[in-house]
Amino acid sequence: MEVVASPVPVVAEASHRGPVLSAEGLTRRYGEGETAVDALRGVSLEVPKGALTAVMGPSGSGKSTLMHILAGLDKPTAGDVSIAGTSIEELNDNELTKLRREHIGFIFQFFNLLPMLTAEENIVLPTTIAGEKPDTAWVDELIAKVGLDDRRTHRPSELSGGQQQRVAIARSLVERPTVLFADEPTGNLDSASSGEVLTLLRDSVDSYGQTTLMVTHDANAAAIADRVLFLADGLIVKDVGRSSEAEILAAMAEITG
């Protein structure tokens, strides 16, 4: 059954935590004329500091498009995004690169580790690229947190998929980003490794106050979030608080009909 979606305005939870990420009226159109496809059709949201927000929806609902625009990796056809109080609409490429480096961390489904570097070298890569000296105590804490003390000199080919994703998590946190984006972080892992990764993501929020936005198709993953936003046909159609896997599956069934 086709969903007739109505936009749901999504605002930050009522608390002392203001939004560190917000979007207003985002649209994204690919192509022109009769062949044009609207991946987003007017999305507005606010993400509060220190919370984990999950984004779910059926294939083609606009989840990945939304994440890429929020992270400054793509530009909307219309609308604006603000990160840490800075509107990205008027930023040039150099300014946008600087903003991403200073405020955004990213976890990818396929890890994106450099094969010639050790686990520790991959973790500190963002710091190295920025021309800064790594905070040794912080790096040691992250490596211990993700359980890789005995793997820090191993290269990606010598690590399991779960261990590679744990390296990626530590890398995403090393610069203490304002917002961490996780794009299907368990999509390439077995159930045991997925559980470990989800525990680490939840712990980064609870221990470090790490604001996180996660796109996932996995209801089990979404169940660790403080909020779950559901997209359908380029619109946010449902916004719920912390929910069980069963409740999330029921909401998805309602959306997809």
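Residues numbered from 1 in each chain as written. Predicted model: local features only at pLDDT ≥ 70, side-chain atom pairs only at ≥ 80, totals over all residues. Heavy atoms only, no water.

1. A short note on helix H7 (residues 191–208)
The α-helix advances 3.6 residues per turn, and as a result positions three or four apart in sequence lie on the same side. For H7, which comprises 18 residues, the first-to-last C-alpha distance of 25 Å matches the rise-based estimate of 26 Å (1.5 Å per residue) to within 8%. Turning to H7, its buried residues are Ser 193, Ser 194, Val 197, Leu 198, Leu 200, Leu 201, Arg 202, Ser 204 and Val 205. Where H7 begins, one side-chain oxygen reaches toward the backbone nitrogen of Ala 192, 3.3 Å away; that side chain belongs to Asp 190. Positive phi shows up at Gly 209, right after H7, with a value of about 65 degrees. (Helix = DSSP H or I, 4+ residues; strand = E, 2+ residues; numbered from the N terminus. Expected span 1.5 Å × (residues − 1). Buried < 20%, exposed > 50% of the residue type's maximum accessible area, 1.4 Å probe, protein only. Polar contact = N/O pair within 3.5 Å; in protein donor to acceptor, adjacent residues only side chain to side chain.)

2. Considerations on the pairing of strand S3 (residues 52–56)
A large share of S3 lies buried, amounting to five of its five residues. Alternating positions in S3 separate into two faces, Leu 52, Ala 54 and Met 56 on one and Thr 53 and Val 55 on the other, with burial throughout. The pairing of S3 with strand S8 (residues 212–215) spans four bridges and is classified as parallel. For Leu 52, the partnering residue across the bridge sits in S8 and is Thr 212. With four bridges joining them, S3 and strand S9 (residues 227–232) adopt parallel strand pairing. (Pairing = 2+ DSSP bridges.)

3. Describing helix H5 (residues 136–145)
When H5 is considered as a whole, its buried residues turn out to be Trp 138, Val 139, Leu 142 and Ile 143. Projection of H5 onto a plane perpendicular to its axis shows the buried side chains occupying an angular sector of 135 degrees, all on one side. With respect to the buried face of H5, the exposed residues turned more than 90 degrees away are Thr 136 and Ala 137. Contacts from the buried residues of H5 go to helix H3 (119–123), helix H6 (161–173) and H7. Gly 147 sits one or two positions beyond H5 and adopts a positive phi of about 70 degrees. (Arc of directions from axis to C-beta. Contact = heavy atoms within 4.5 Å.)

4. Some points on the confidence of the model for the protein chain
Across the protein chain, pLDDT averages 88, with 93% of residues at or above 70. Across residues 1–16 the pLDDT falls below 50, and counting only partners more than four positions away or on other chains, this stretch makes 36 contacts in the model. (pLDDT = per-residue confidence, 0-100.)

5. What to know about the pairing of strand S10 (residues 235–241)
Within a regular beta strand, the side chains point alternately toward one face of the sheet and then the other, so they alternate between its two faces. Direction of pairing for S9 relative to S10: antiparallel, over a ladder of six bridges. Residue Leu 231 lies in a different strand from S10, and its bridge partner there is Ile 236. Between S9 and S10, which follow one another and run antiparallel, lie two residues, and Asp 233 among them has a positive phi close to 55 degrees.

6. Concerning the pattern of salt bridges
Two side chains bearing opposite charge may form a pair once their charged atoms approach each other closely. Counting across every chain of the model gives 15 salt bridges. For Glu 120, the salt bridge is made with Arg 152, and the minimal N-O distance between the two is 3.0 Å. Placement of Glu 120 in helix H3 and of Arg 152 in the loop between H5 and H6 is noted, with a sequence separation of 32 residues between them. A residue is classified by how much of its surface remains accessible, and Glu 120, at 26% relative accessible area, is partly exposed. Put simply, Glu 120, Asp 140, Asp 149 and Arg 152 are held in one network by salt bridges that share partners. (Salt bridge = Lys/Arg side-chain N within 4 Å of Asp/Glu carboxyl O.)

7. A short note on the nonpolar core
If you look at the biggest cluster of nonpolar residues, it comprises 44 residues, and the most contacted ones within it are Met 214, Val 228, Phe 230 and Ile 248. Dropping the residues within four chain positions of it, Ile 248 is found in contact with Met 56, Ala 219, Ala 222, Ala 223, Val 228, Phe 230 and Ser 243. If you look at the next biggest cluster of nonpolar residues, it comprises 29 residues, including Val 55, Met 67, Ala 71 and Ile 236. (Core = buried A, V, L, I, M, F, W, Y, C linked by side-chain atoms within 4.5 Å.)

8. Considering the side chain of Thr 216
Mapped onto the secondary structure, Thr 216 falls in the loop between S8 and helix H8 (219–222). Beyond its immediate stretch of four places on either side in the chain, Thr 216 contacts Val 55, Met 56, Lys 63, Glu 184, Ala 221 and Ala 222.

9. What to know about the sheet that holds S3
Remark on secondary structure: sheet strands pair via backbone hydrogen bonds, oriented parallel or antiparallel. Taken together, the six strands give an open sheet; going across it, the order is S6-S7-S8-S3-S9-S10, and neighbouring strands pair in mixed fashion. Taken across any chain shown, the strands that pair with only one partner, and hence form the sheet edges, are strand S6 (104–107) and S10. Strand-to-strand twist in this sheet, taken as the mean axis angle between neighbours without regard to direction, amounts to 20 degrees. Relative to strand S7 (residues 179–183), S6 runs parallel, the two being bridged by four bridges. (Axes fitted to C-alpha atoms, helices over the stretch in contact; angles between N-to-C directions.)

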